Amino acid sequence: MDYDFKTVEAKWQAAWRDAKAFEPETPQDEVRARAGEAEKNKFFFTVPYPYVSGNLHVGHGRTYANGDVIARFHRMRGERVLWPMAFHITGTPVLAVSAKIAAGDAATIAMYEDYVRCYETDEARVRELIASFAKPEAVVAYFSKKIVLDFQRMGFSLDYSRQFTTGDPEYNRFIEWQFGCYKQKGYLKQASYPVLYCPRCGNAVGEDDIKEGDTAPVDALKFAAFKSKLENEKENTFIISCTLRPETVFGVTNVFVNPLAKYVKASVDGEIWLVSEPALEKLRLQGHRTEVKEKMLGASLVGKFCVTPLGARVPILPAAFVDVNNASGFVHSVPAHAPWDWIALEDLRKDEKTLARYADKNLKKLLDEIKPISLISVEGYGEFPAQEILARMKVANSRERQKIDKATQELYKAEFYGGKMKQGVAGEFAGLNVTKAKDAVAEKLVGERKAAWFYETNRPAECRCGGNVLVAIMNDQWFLDFNAPGWKQAARECLDAMTIYPPVYRKQFNDVFEWLDKRPCARRRGLGTRLPFAPEWIIESLSDSTIYMAFYTVIKRIREKGFAAAQLTLEFFDFVFLGKGDAGGIAKKIKAKPWDLEAVRYDFLFWYPNDLRHTAVAHITNHLSFFIFAHAACFEREHWPRAISLNEMITAEGAKMSKSKGNVVLLNNVARDYGADLFRVYSVGAADFGSTLDFRKHDIEATRKSLGRFIDLAAKLIEAVKNGGNNGGSSRIDAEAKTGLVGVTLSRFESCVRDSTRCLEEFRLRDYVQTALYKQTNFFEDFLRRANESEKRLVAEQCACRWIALLSPVAPHACEELWEKAQKKGLASRGFVSLSRWPTAQEKLINPAAEASEDLVANVIADSRKIASLLKKKTASVTIIVASAAKAQEAKRLIAACESPQQVKASSDGLTAFLQKKFFEFQQNPALLEVNDFETLDAASEFIGKTLGCSVRVEREEESKSERAARAMPGKPAVVLS
RNA sequence: GCAGGGGUAGCGAAGCCUGGUCAAACGCGCAGGUUUGAGGUACCUGUCCCUUAGGGGUUCGGGGGUUCAAAUCCCCUCCCCUGCACCA
């Protein structure tokens, strides 16, 4: 069959669009809208809206393709399906893209040029568009249009009539209502919080704002800053040294300073602190009052003494490895447990030059007096773990930075997870696990004001603007408090009542719910909705996309009735979503018609709750959990979501897709190169929901073959039907279909219908494709090879249209095309196959005995081939000797009577052994013994002969003269070659 | 470390919940054959090892156990992947 997928797909996409095939209306009948679930017969299905910062890739494609199969299946089962789509634009990524393009960032411009070239051929137009992208609205406007095109090109049966973006004023009002709910319930709170911050921009920064923020993520680390009092100062002056391991305070032997770096003496919250110059800025951002008193070089401190928070008097020593840009610029030294400290002391002892420079300080003597203090016991290490690990890794001096870092990491891990604080050294913390001691020590010291908290990034990071990324403390950060009284409990109840597929992920939800605590939900910048009661804050993007499914149900009517954003007040939504207040009063207030308000409410009541949400597994820890929490917070129990299905991510040729690797496969290109149906069949059929799909060109090409075979076969089946369609087929089926080739074929097909339906009901889409497409194609191919014209007609009348309908969820374009062909033959019903009724399996045609007889034929052929290959001789003829009727009877009786293979005792040794071996096979599939071997094989002898390329004779054991006749067993005839 | 998932023939990947029909679906790769003027395509056959009569042997990360019977159930062990938040 000539099949040009581009033409065919475009044709049906246009037809669906023109017919508004997938844009369900809400019945405006009040009674129906208020009717119970069962009567509503609706299926409100959602997949998260895409983020509009560029083109869609195959990952979106996989999730939406799976979603589309589900939506189409439900639609064909007669449910009123609403599957809408919209666009997410909240947050900073779109802003970042525009900023980069405006700043002339070459990589970004190149990437967006490539995106745009997917749709534009004119280079001048490309340049013009890219220039326009300096404005974020232009990015959103352009790509949201293209996303719709991409979706349509994939044939997704979305309702495109309810589109919106999260920046629309109506949406803003809706989110304001949501946050009003949170506030009212006490779920929304303010507190201080550390954030990554760029002083140059004067703003908090996210991953997108940081150079290489996506490949090397930046975190804020919480250091304990020890205050060690400097000796011989007029006023109390503290050296500030920071650590991630506060428990090692018991082992401090000295403090290191970088002699060549600049330090400042400053007033910090009324005390005098000594820190590096950059550290003071950080302290200021972290909410401390700071004022510089005096600047100095590190060298001026060398040889002085200070007193640690625990009262130990320790010297200050020079060390070049101290980085003043990291933390406070002083490092206290715990040589017993810190490889860097150990090696620094070693180096210094050998560093004659430095020792000479500070001759007046007599560093040599100070060094001699330093004795490492061991304070943690850990398995596999002795007194001084740092020394041991350095020796083991053969580190010679401090220039081997990588090795030392590795040693530090390894030792830290060992001590943190396996270490215990030593008796006699660690005071009240003796005996504690390091894991516990770490926090306890720090809390105690901070409580006694002997230490403070200091935040630092885990790596030096630069903002895209060129400024340094630091950690700042936000004092008035808005949080959602998932542990607020009652909330988590309600969310759990919602989750418990939901269906999660695949079920293994339920556990993960439970775990996430367990650790969800406080979560910042607003930022100072980005696109989105402002907090109504604190407009300098913009609601963050994961927080404004948790209940928008409800918005889909109402936006169409809101627009139709001409509501302006200003009319969408809190009372409006209270009425629409919660039924609070009376329509008349609210309508009067917002100057609207009461029945318009009621119409919106009906839409919500008809469609809600969300029956199924389908998305990628990665969203469990955030979006999907928030989705449940938010519904539990804002809606009545009857409107809580019902089910979630999940699929894993997609990789490309074995590698994770990422922009930096440049291996992102764009959905648009896939549609262009392979066509929608092929991608759909491939992505749905190649991997279970629970497995990663590896997108491989080679494999999708192989799928092309299978899809083509289906199209050819279905066309052939349609051809086989006489014009005028089904003429008295069913009565003939009753008469003829029980046995023989037709019986087998119908039995297999009806099984296929039954199994496919079951797969779809259970979200096993891969199995559905395997069953309905691959397996069934093989069966029909085999059938067409062997059947005569009359048999073909019979089967085709019975199966062709139903097979096409069965596959239309996954390959809708091809199936519409075939359906149209069948309509011309008078075979298929009018209208789209996409809107036709789902085929029902005719269980009475499922006939295990017929299928068993088919297996018998296949086994005889396989046996003959095997024997032939062992004989290594040409086969001229095959004699098939069928077991005697007496044997068959005996076998049946024994299998029915015996409970285990050991009990089987037949009249001949051969039969006994045979039945014992096959015992469980026969027991579980008794149809195998119901087959009339002789009739079956005799009827198939011509086919067997053709297949084997030789003559075939079938005879009965009783009548056979062959000496091998006794080998004949029920279901396994003797085969004699010559 | 905590939590989750996984290790199956040359490769990818089913099967495991509900033990026997499992030498283990399906696809790729590879080999042979048919078609065609090489090639490619399409189709057929084969693809753990041995076997001149349909048989036998050894397999499902490693070790142990339960059972008449284990890829499937239980215990131990090794290895791999993902998540651990304020980011869409």
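Please read these numbers as outputs of a predicted model, since none were measured by experiment. (Residues numbered from 1 in each chain as written. Chains lettered and ligands numbered in written order. Predicted model: local features only at pLDDT ≥ 70, side-chain atom pairs only at ≥ 80, totals over all residues. Heavy atoms only, no water.)

## Focus: the overall build of chain A
Looking only at helices and strands, chain A features 36 helices and 30 strands. A compact globule built from 978 residues would reach a C-alpha radius of gyration of about 30 Å, whereas chain A, at 38 Å, exceeds it by more than 25%. With the C-alpha coordinates aligned to their principal axes, the bounding extent of chain A is approximately 120 × 80 × 55 Å. For chain A, the computed accessible surface area is about 42500 Å², with 50% contributed by carbon and sulfur atoms. The positive charge centre, built from 138 side chains, and the negative charge centre, built from 127, are 1 Å apart in chain A. (Helix = DSSP H or I, 4+ residues; strand = E, 2+ residues; numbered from the N terminus. Rg over C-alpha atoms; globule rule 2.2 N^0.38 Å. Areas by Shrake-Rupley, 256 points an atom, 1.4 Å probe, with all protein chains shown as cover. Lys, Arg positive; Asp, Glu negative; His and termini not counted. Charge placed at Lys NZ, Arg CZ, Asp CG, Glu CD.)

## With respect to helix α16 (residues 434-447)
Think of an α-helix as 3.6 residues a turn; residues three or four steps apart then line up on the same face. The first and last C-alpha atoms of α16 sit 19 Å apart over 14 residues, in line with the 20 Å expected at 1.5 Å per residue. Considered for burial, the residues of α16 that qualify are V434, A437, K438, V441, A442, L445 and V446. On an axial view of α16, the arc spanned by its buried residues comes to 150 degrees, and they lie on one face. Along α16, the residues that are exposed and aim more than 90 degrees away from the buried face are K436 and G447. Among the structural elements, β5 (220-230), β14 (376-377), α15 (401-418), β15 (420-421) and β16 (451-457) are those in contact with the buried residues of α16. At the exit of α16 stands R449, carrying a positive phi of roughly 60 degrees. (Expected span 1.5 Å × (residues − 1). Buried < 20%, exposed > 50% of the residue type's maximum accessible area, 1.4 Å probe, protein only. Arc of directions from axis to C-beta. Contact = heavy atoms within 4.5 Å.)

## Regarding the confidence of the model for chain A
For chain A, per-residue confidence averages 89 on the pLDDT scale, and residues scoring 70 or more make up 96% of the total. The complex model carries a pTM of 0.86, and its ipTM stands at 0.93. (pLDDT = per-residue confidence, 0-100.)

## Focus: the environment of L765
If you trace the backbone, L765 turns up in helix α29 (residues 765-786). We classify L765 as buried; its relative accessible area is 1%. Along the primary structure L765 and N66 are separated by 699 residues, whereas in three dimensions their C-alpha atoms are 7.5 Å apart. Non-local contacts of L765, meaning those with residues more than four positions away in its chain, are made with N66, V69, I70, V684, F689 and L760.

## Observations regarding the protein's contact with RNA strand B
Near RNA strand B lie 47 residues; those nearest to it are Y51, Y193, P520, R523 and N622. Put simply, 48% of the atoms of RNA strand B that lie within 4 Å of the protein are in sugar or phosphate. P520 places a main-chain nitrogen or oxygen 3.1 Å from a base oxygen of RNA strand B. At the level of elements, α18 (505-515), β19 (518-520), α23 (620-634), α26 (697-720), α29, α32 (848-871), α34 (909-924) and β30 (974-977) are the ones that each hand at least two residues to the surface near RNA strand B. Broken down by element, the surface near RNA strand B gets its largest block of residues, 6 residues, from α32. Here the surface near RNA strand B is built from residues that sort into 18 nonpolar, 9 polar and 20 charged. (Near = heavy atom within 4 Å. Polar contact = N/O pair within 3.5 Å; in protein donor to acceptor, adjacent residues only side chain to side chain. Nonpolar A, V, L, I, M, F, W, Y, C, P; charged D, E, K, R; others polar.)

## A few points about the sheet that holds strand β24 (residues 643-647)
Strand order in the open sheet made by the 5 strands is β2-β1-β23-β24-β18, with parallel pairing throughout. Single-partner strands in this sheet number two, and they are β2 (80-82) and β18 (499-501). In this sheet, neighbouring strand axes are inclined to one another by 20 degrees on average, regardless of whether the strands run parallel or antiparallel. Summarising the sheet, strand β23 (residues 612-616) and β24 pair through 4 bridges and their orientation is parallel. Bridge pairing links A616 to N647 in β24. Strands in contact with helix α4 (residues 58-76) are β1 (42-46), β2, β23 and β24; relative to β23, the strand with the most contacts, it is inclined by about 160 degrees. Sheet contacts for helix α22 (residues 594-607): β1 and β2; angle to β2, the most-contacted strand, approximately 105 degrees. (Pairing = 2+ DSSP bridges. Axes fitted to C-alpha atoms, helices over the stretch in contact; angles between N-to-C directions.)

## Considering the nonpolar core
Formed by 115 residues in total, the largest nonpolar core has its most connected members in F133, F710, Y768 and W803. Contacts of F133, omitting those with residues within four sequence positions, involve S98, I101, Y112, V116, A138, V139, Y142 and F143. A522, F606, F629 and C634 belong to the second-largest nonpolar core, a separate cluster that totals 82 residues. (Core = buried A, V, L, I, M, F, W, Y, C linked by side-chain atoms within 4.5 Å.)

## Topic: the pattern of salt bridges
Under the definition given, this model contains 62 salt bridges. Note that R72 is salt-bridged to D68, the shortest N-O span being 2.8 Å. Within this pair, R72 and its partner D68 are both found in helix α4, separated by 4 residues, close to a single helical turn. Accessibility expressed as a relative area gives 2% for R72, which makes it buried. Accessibility expressed as a relative area gives 0% for D68, which makes it buried. Among the salt bridges present, the one from D476 reaches R524, with a minimum N-O distance of 3.2 Å. Taken together, the positions of D476 in strand β17 (residues 470-481) and R524 in the loop between β20 (522-523) and β21 (530-531) put the pair 48 residues apart, joining distant regions of the chain. Put simply, R557, E560, K561, D596 and D603 are held in one network by salt bridges that share partners. (Salt bridge = Lys/Arg side-chain N within 4 Å of Asp/Glu carboxyl O.)

## Quick look at the sheet that holds β19
One open sheet accounts for 4 strands, arranged β4-β3-β17-β19; its pairing is antiparallel. Edge positions in the sheet fall to β4 (203-204) and β19, since each has one partner strand and no second. Where strand β3 (residues 188-198) meets β17, 9 bridges bridge the pair, whose relative direction is antiparallel. Looking at β17, one finds that V195 is bridged to A472.

## Observations regarding unusual backbone geometry
In the segment running from Y501 into P502, the intervening peptide bond is cis, with an omega of -5 degrees. Mapping P502 onto the fold places it in the loop between β18 and α18. With an omega of 5 degrees, the peptide bond running from Y608 to P609 counts as cis. Among the secondary structure elements, P609 is positioned in the loop between α22 and β23. Here the phi dihedral of D269 falls at roughly 50 degrees; this positive angle occurs in a residue that is not glycine. Position of D269 relative to the elements: it lies in the loop between β8 (262-268) and β9 (271-276). The phi dihedral of A327 is positive, around 55 degrees, even though this residue is not glycine. A relative accessible area of 5% places A327 in the buried class.

## Here we look at the packing of aromatic side chains
Inspection of every chain in the model, using the stated rule, returns 67 aromatic pairs. Ring centres of Y193 and F479 lie 5.2 Å apart, and the angle between their planes is 75 degrees; this geometry places the pair in the edge-to-face category. On the criterion of sequence distance, the pair formed by Y193 in strand β3 and F479 in strand β17 is long-range, its members being 286 residues apart. Look at F479 and you get buried, because its relative accessible area is 4%. The positively charged end of K227 is found above the aromatic ring belonging to F238, 5.5 Å away from the centroid. It is R956 that lies over the ring of F934; its NZ or CZ is 3.9 Å from the centre. (Phe/Tyr/Trp six-rings, centres within 6.5 Å; stacked < 30°, edge-to-face > 60°. Lys NZ or Arg CZ within 6 Å of the ring centre and 35° of its normal.)

## Digging into the environment of I89
Relative to the helices and strands, I89 resides in the loop between β2 and α5 (93-102). Exposure remark for I89: the relative accessible area of 9% places this residue in the buried category. With 50 residues separating them in the primary sequence, I89 and V139 have C-alpha atoms 9.9 Å apart. If we skip the residues at most four places from it in the chain, I89 touches Y51, V52, V94, V140, T165, T166, G167 and L527.

## Side note on the side chain of S545
Along the polypeptide, S545 turns up in the loop between β22 (534-539) and α19 (548-560). For S545, the contacting residues outside a window of four places in its chain are Y49, H88, Y171 and H623.

## Describing the packing of α26 against helix α31 (residues 812-824)
Their axes nearest at 10 Å, the elements α26 and α31 cross at an angle of 10 degrees. Taken as axis vectors, α26 and α31 run roughly parallel relative to one another. Each of F710, I711, A714, A715 and I718 in α26 lies in contact with α31, whose residues at this interface are A814, C815, L818, K821 and A822. Looking at the contact of α26 with α31 residue by residue, the class counts come to 9 nonpolar, no polar and 1 charged. (Parallel < 35°, antiparallel > 145°, perpendicular 65-115°, else oblique.)

## A few points about the packing of α32 against helix α36 (residues 933-948)
Running from amino to carboxyl end, α32 crosses α36 at an angle of 45 degrees, the nearest separation of the two axes being 10 Å. The pairing of α32 with α36 is recorded here as oblique in orientation. Along this stretch, α32 crosses α36, giving a crossing that reads as right-handed. For the pair α32 and α36, contact is made by S853, L856, V857, V860, I861, S864 and R865 and by D933, T936, L937, A940, F943, I944, T947 and L948, respectively. Of the residues assigned to the contact of α32 with α36, the class counts are 9 nonpolar, 4 polar and 2 charged. (Left-handed = near helix turned anticlockwise from the far one by under 90°.)

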